[in-house]
Amino acid sequence: MHLLAAAVPVPYPSWLNTGDNTWQIAAGTFVGLQSLPGLAVLYAAVVPKKWAVNVLAMMFAGFSLVLLAWVLWSYKMGFGATSIGGGVRNGIQTQLSGVGWVKHLFENFVGKPGGVTSAFQEQGQAVSAANTVIPFHFPTDSLVWFQFVFAAITPLLFIGSVLGRIKFSAWCMLVTLWSTFVYGVDAFMLWGGGYLAQEGSLDFSGGFVIHMSAGVSGFVAAWVLGPRLQRDRQHFVPNNLLIAAVGAGILWLGWNGFNGGDPYYAGADMAAAVVNTNLATAAGLVTWMGLDAWLSKAKKPTFLGGVNGMICGLVGITPCAGWVNGRGAILVGLIDTIIVWVAWNYLSKVRPFSKVDDALGVIYTHGIAGLFGGLLLGILGDPNMVEYGCGHLNSAGQVVNTSATQFLTSSKSCTPFSVSGVLYGSHSWHQEWCQLRAAVFVIFWSAVVTFLLMKLIGLVLGGLRYKDEVLEVGDVAIHDEESYPDERYAERISAGGPGAFELAGIGRNPPPLASGAGGEG
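Counting starts from 1 at the beginning of each chain's written sequence and moves along it residue by residue. In view of the model being predicted, local features appear only for residues whose pLDDT reaches at least 70, and side-chain atom pairs are presented and counted only at 80 or more, with totals across whole chains, interfaces and linings using the full set of residues. Hydrogen atoms and water are omitted, and side-chain values are computed over all heavy atoms in the structure.

Undergrad: Help me understand a nonpolar patch on the surface, please; the structure alone is not making it clear to me.
TA: Patches were defined on residues exceeding 30% relative accessible area and lacking a salt bridge, with like-charge contacts within 9 Å and nonpolar side-chain contacts (Val, Leu, Ile, Met, Phe, Trp, Tyr) within 5 Å. Note on areas: Shrake-Rupley, 1.4 Å probe, and residue coverage restricted to the protein chains presented here. Salt bridges are identified by distance alone: a Lys or Arg side-chain nitrogen within 4 Å of an Asp or Glu carboxyl oxygen. Among the surface-exposed residues, Leu331, Leu334, Ile335, Ile338, Val342 and Tyr346 lie close enough to one another that they form a single nonpolar patch of about 470 Å² accessible area. Think of it this way: any DSSP run of H or I at least four residues long counts as a helix, any run of E at least two long counts as a strand, and we number them from the N terminus. One can find Ile335 in helix α15 (residues 326–345). A 1.4 Å probe rolled over the protein chains alone gives each residue an accessible area, and that area as a share of the maximum for its type sets the label: buried under 20%, exposed over 50%, partly exposed in between. Its relative accessible area of 31% is what places Ile335 among the partly exposed residues.

Undergrad: Quick question: what am I supposed to make of the state of the cysteines here?
TA: A covalent bond between the sulfur atoms of two cysteines is referred to as a disulfide. When two cysteine sulfur atoms lie within 2.5 Å, the pair is treated as a disulfide. A full pass over the atoms with the stated rule returns one disulfide. Cys312 carries a free sulfur, and the closest cysteine sulfur to it, the one in Cys320, is 14 Å from it.

Undergrad: How do you make sense of the nonpolar core when you look at a structure like this?
TA: Soluble globular proteins tend to pack their nonpolar side chains together in the buried interior. Residues Tyr43, Met59, Phe150, Leu163, Trp171, Tyr183 and Trp191 are the most contacted members of the largest nonpolar core, which totals 121 residues. If one sorts the elements of this core by residue count, helix α10 (residues 207–225) sits on top with twelve residues. We call two residues contacting when some pair of their heavy atoms lies within 4.5 Å. Discounting residues that sit within four places of it in the chain, Tyr43 has contacts with Val55, Met59, Leu156, Leu157, Ile159, Gly160, Leu360, Val362 and His366. Note on terminology: a nonpolar core comprises buried Ala, Val, Leu, Ile, Met, Phe, Trp, Tyr and Cys residues joined through side-chain atoms within 4.5 Å. Counting 15 residues, the second-largest nonpolar core is a separate cluster that includes Leu202, Val332, Leu377 and Val419.

Undergrad: How do you make sense of the pattern of salt bridges when you look at a structure like this?
TA: Once the charged atoms of two side chains with opposite charge are near each other, the side chains can pair. Under the criterion given, the structure shown has five salt bridges. Among the ionic pairs, Lys50 bridges to Asp232, the shortest N-O distance being 3.1 Å. With Lys50 in the loop between α2 (18–46) and α3 (52–79) and Asp232 in helix α11 (residues 230–234), this residue pair connects regions lying 182 residues apart in the sequence. There is no split in this pair, since Lys50 and Asp232 are both buried. In this structure, Arg228 engages Asp357 in a salt bridge whose closest nitrogen and oxygen atoms are separated by 2.7 Å. Of this pair, Arg228 sits in the loop between α10 and α11 while Asp357 is found in the loop between α15 and α16 (362–380), placing the two residues 129 residues apart along the sequence. Across the pair, Asp357 and Arg228 agree in class, each one buried.

Shown next, in the form of structure tokens:
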């Protein structure tokens, strides 16, 4: 009998829920696959073949650099238990009332940087001001991994804005600094229990923090860089639509982890978020193809147009996936795609959009789509879509003896968490106001800091972009590699013959750059 009561080795502590932990790691892996290989092969396939290797190199290098920065200092900036100003301490929000907004803002602005590499930090129970009501049911490393893949994909998205001219070294510096000073702040403010979160602003899985921030930052970076060569802008033909389809498919289905992992628990709202994600995506895809077929000059549905619509649906539903119902999800995909399609075809012709060379239109499919997706939450949020309900917990924090009715209904001691949009409940515009405030902050912070980082990197490296003779060649000049090498190239390289510049016949004078385009010359 005494042996039964003795402590014995066990595979997991009492606070760990194996289902929640497994799903969190799996969801993070889905999101990681969205970057590598999903986004990497999608972007590499829709650019001319002379830029395919460069895109792949920037994707893989960026993913790696963000991971190193994440575990060494920036994870705690976004999700640490203590803020620099002390407004959040040990996972507890200390300034719930009686604090002026300026003090409240700066003391809840960003978490204290620090590493998460010790044994205790990796295996101890996850703690963050992002979750002060329900204890996390998994170790810190599960949260570190899940949030890392979000931090990684964000700057990789705006490769689409700057490709075709940015130096590889400049990109490596930018992705490291940007993930620290832009993403770290945005994440803490909205997800890590910072100022905007405490004020009531919401972002289910990254419409503001990831997509709008990436769109705005990419647009500013493209403006500072200046345009691609004129011939690249005029003849920017995809090199392999079949591979692009593979990347797009991975991106779509990987989003099940993107949105399904953000409740942090393998519960009912997780399943709803996954289904809603796919509903909005399907609605966005068919809407864009329909608009192309009916209203474009060519009157033809296109595959790449369908991919744009797919992305609009995915991005639009991201800030509200678990807080709208199925009808709301379809409306988000429909409305967001219509707005972006109009912007893509008409707003792109007016300043400042017509003067900035955003190569793949990230400002539209991510920036504008993320903005309106977040704003639609304030209208379509359904209070009956309960993310966290009420239940009985045992001493380890696990839910026990809780009926469906108890989970979904409120009591004096517990109120289920959901979002009430204008179309539901009290018909209040309060949530919309909170969403608008968050959008303004993220746009401002992302734009200003990206501009400053680009200027700083340009000073350090003596310029942000390659010379025109390098841009004429692309991959071979930059990486000494080609995505589809011909026999002549392979024979010359293996024999140690003339280099890439000589083979490419550099020396031809390219057409002049478009007049009126801003940025670095």
